[in-house]
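Analysis of the macromolecular model
This is what each chain is made of:
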Protein chains: 2
Amino acid sequence: MIQLEDVQKAKRVIKEVANRTPVMTSRTLDRQCGARIFLKCENFQRAGSFKFRGAFNALSTLNDRERSAGVVTHSSGNHAQALALAAAVSGVRAKIVMPRGSSPVKIEAVKGYGAEVVLCENSLASREETAGSLIASESLTLIHPYNDERVIAGAGTAAMELLEETGPLDLLLAPVGGGGLLSGTSTAAKGLYPEIKVWGVEPAGADDAYRSFHSGELIPQTDPQTIADGLRTSLGDKTFEIITERVDNIILAEENEIIRAMRFLWERMKIVVEPSGAVSLVPVLEGRLPSGKDIRVGVILSGGNVNLQAFFDTLK
Amino acid sequence: MIQLEDVQKAKRVIKEVANRTPVMTSRTLDRQCGARIFLKCENFQRAGSFKFRGAFNALSTLNDRERSAGVVTHSSGNHAQALALAAAVSGVRAKIVMPRGSSPVKIEAVKGYGAEVVLCENSLASREETAGSLIASESLTLIHPYNDERVIAGAGTAAMELLEETGPLDLLLAPVGGGGLLSGTSTAAKGLYPEIKVWGVEPAGADDAYRSFHSGELIPQTDPQTIADGLRTSLGDKTFEIITERVDNIILAEENEIIRAMRFLWERMKIVVEPSGAVSLVPVLEGRLPSGKDIRVGVILSGGNVNLQAFFDTLK
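Residues numbered from 1 in each chain as written. Chains lettered and ligands numbered in written order. Predicted model: local features only at pLDDT ≥ 70, side-chain atom pairs only at ≥ 80, totals over all residues. Heavy atoms only, no water.

Mapping chain A onto chain B calls for a rotation angle of 180 degrees and an axial translation of 0.0 Å; the resulting RMSD is 0.1 Å. Taken together, these values place the two copies in the relation of a two-fold axis. Nearest to the rotation axis, the C-alpha of Ile271 of chain A is located 2.3 Å from it, this being the minimum over chain A. A share of 100% of the interface residues of chain A reappears at the interface of chain B, consistent with the copies meeting face to face through the same patch. (Least-squares fit on C-alpha atoms with pLDDT ≥ 70 in both. Contact = heavy atoms within 4.5 Å.)

Given below as structure tokens:
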């Protein structure tokens, strides 16, 4: 299982290339919830989400043979863009397997970073099969979106930066989908401050991590129903192990609560955060923080990649 | 005419209460335009725009009699919210005259800051008459949205903060409507760095400042047609005088360019900026900067108050 030292090492690796994203605060928010809230804004990370941290860290560990052969992943989301950019920055060739149903905007973004897009059918089976045959035929290295210790350690650097800036916190909130961000966050936080509480927040419509955590058994997600498209995946064995060990609680967020949190961030904080990124603010806005006057709470806003076509169409 | 010292004094006055807004940069933007761009993000200012700076500075100059009587303004936009908040922070009573056609969201925001809203008819004549009768009957002090030296000096503090952070720039861009922001910006910038160029950017559909500047005569705006609702007003005599003296050029932005700039800020920079606030980015995105390799350009993004109801309705 990775330790604080792995996150510290990842932090040195990504230091020169990743953005040190800002920590935002809001008088309105603090007054409203009776706590001191620190928002770590990974929507301002390169390629629009925290995923760049883990992708770049994973690439940094490749040996020469792996580097010259190149890397592959399958993703229709933020990991695809992050790996494409990290590969370009690292001078490594990347192929990204994306389902034909992916939004044209996302496919263009991946190509824009210089990666090659390999289209497949929309099923998970087709994604894995297509990636698998590229690994076999071209000796590419798979960079998994979350169930990979190098990716988890990279993801943990966001929490580490936040805690460096704020000092000790009472509670740290992160969204949970595949569990990479929550695993890295809890490893960094508990390593630095053993007394801190770390909670994962998950959409009620994709509650596999909630059920796995509370039952003690890894239960895969089937038929997720949530606007938070980055959180529809299942925990992996590595992330489940870390979360079981280091996370204090996983709680659920309803769809209307996720949208309300996103709207607060856009309307009041003036920042564009995607639904998956706004999930971790739900306990703050909905009065589900632990009791205690002026407790200090960190919130990781994981990304800001939203399709704005519909909104801008209304302005034409 | 106000001088650098007036802006410096305003900066000391607002220091404890206004946000020192961040300066953002973007590798993508710099590469795209071949210059170094520094965005001063007044969308993160309290009440959502630079207007809080001038409103608070103006209130700080009131004598005891004026303070106890209270203040008044007429505005359906950002100055209304800014004065309401500044008055609350200053412990001064404020009445805001707003047209009946104002959006309910804006009326609620002004009330939310604790000001009293006085509704009037939708014409400018009705607004001025309603405010005038309150001034006469209740001895309220008018805080004009832009044609007021205290308001202009306060507005100039945004450029001053930017230049403190960046050091000398080749060019500084600011939107122009009534001209308060551009007047304060040029006063601060030319006072600190006499060699800097200062340009105003104005919607082509509300081009009174452009025509006034280039003809040398104050031409009022009639029938403005632009999405940039904060820039539909006419220059005042005070702002016209300063702009004539200290601004190097005023250029125009088309409606589709304004929307494109706004979309770039939302989609790539992940910040919510209103149309009036995005206007100053148009010359950067549309290739209208002065020639010169890697010139250093400051851009004032004036505010981020956008009605998001329609967008969030689509997510329900």
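The rest of the description comes next.
Turning to the interface of chain A and chain B, a few remarks are in order. Listed as interface residues are 27 residues of chain A and, on the opposing side, 28 residues of chain B. When the two sides are added together, the surface that chain A and chain B hide from each other amounts to roughly 2,600 Å², 65% of it contributed by carbon and sulfur. Here chain A is connected to chain B by ten residue pairs in polar contact (both at pLDDT 80 or more). Put simply, the parts of the chain that give the side of chain A that touches chain B at least two residues each are helix H12 (255-267) and helix H15 (309-313) of chain A. Here the side of chain A that touches chain B takes five residues from H12 of chain A, the largest share from any one element. Of the residues that constitute the side of chain A that touches chain B, the class distribution is 15 nonpolar, six polar and six charged. (Buried area = accessible area lost by both parts, 1.4 Å probe. Polar contact = N/O pair within 3.5 Å; in protein donor to acceptor, adjacent residues only side chain to side chain. Helix = DSSP H or I, 4+ residues; strand = E, 2+ residues; numbered from the N terminus. Nonpolar A, V, L, I, M, F, W, Y, C, P; charged D, E, K, R; others polar.)

The backbone of Asp223 of chain A shows a phi angle near 50 degrees, a positive value even though the residue is not glycine. Asp223 of chain A sits in the exposed class, given a relative accessible area of 59%. Backbone geometry at Lys270 of chain B places phi at a positive 65 degrees, although glycine is not the residue there. Within the fold, Lys270 of chain B resides in the loop between helix H12 (255-267) and helix H13 (275-278). (Buried < 20%, exposed > 50% of the residue type's maximum accessible area, 1.4 Å probe, protein only.)

Further remarks concern empty space enclosed by the protein. Residue and element names in this part refer to chain A. If you walk through the whole model with that rule in mind, you get one cavity of 30 Å³ or more. Within this model, the largest cavity holds a volume of roughly 40 Å³. Taken together, Phe50, Lys51, Gly54, Pro145, Tyr146, Val151, Ala155, Gly180 and Leu181 form the lining of the largest cavity. Elements that contribute at least two residues to the lining of the largest cavity include exactly helix H3 (51-60), helix H8 (149-166) and helix H9 (180-192). Here the residues of the lining of the largest cavity sort into six nonpolar, two polar and one charged. (1 Å grid on protein atoms, 1.4 Å probe; cavity = no way out; pocket = protein on both sides within 12 Å on 5 of 7 lines; lining within 4 Å. Points joined across faces, edges and corners; volume = space filled by probe spheres on them.)

Residues and elements named next belong to chain B. As summarised here, the arrangement of the six strands in space is S1-S2-S10-S7-S8-S9, forming an open sheet in which the pairing is mixed. One side of each edge strand has no neighbouring strand; the edge strands of this open sheet are strand S1 (23-24) and strand S9 (249-253). Pairing of strand S8 (residues 197-203) with S9 involves five bridges; the strand directions are parallel. Bridged to Trp199 within S9 is Asn249. (Pairing = 2+ DSSP bridges.)

All right, on to the packing of H3 of chain A against helix H5 (residues 78-90) of chain A then. Residues and elements named next belong to chain A. Orientation of H3 relative to H5, taken along the N-to-C sense of each, is 45 degrees, at an axis distance of 8 Å. Classified by the angle between their axes, H3 and H5 sit oblique to one another. Every pair of crossing elements has a handedness; the one defined by H3 and H5 is right-handed. Residues Lys51, Phe52, Ala55, Phe56 and Leu59 of H3 pack against Asn78, His79, Ala82, Leu83, Leu85, Ala86, Ala87, Val89 and Ser90 of H5. Taken together, the residues of the contact of H3 with H5 break down into ten nonpolar, three polar and one charged. (Axes fitted to C-alpha atoms, helices over the stretch in contact; angles between N-to-C directions. Parallel < 35°, antiparallel > 145°, perpendicular 65-115°, else oblique. Left-handed = near helix turned anticlockwise from the far one by under 90°.)

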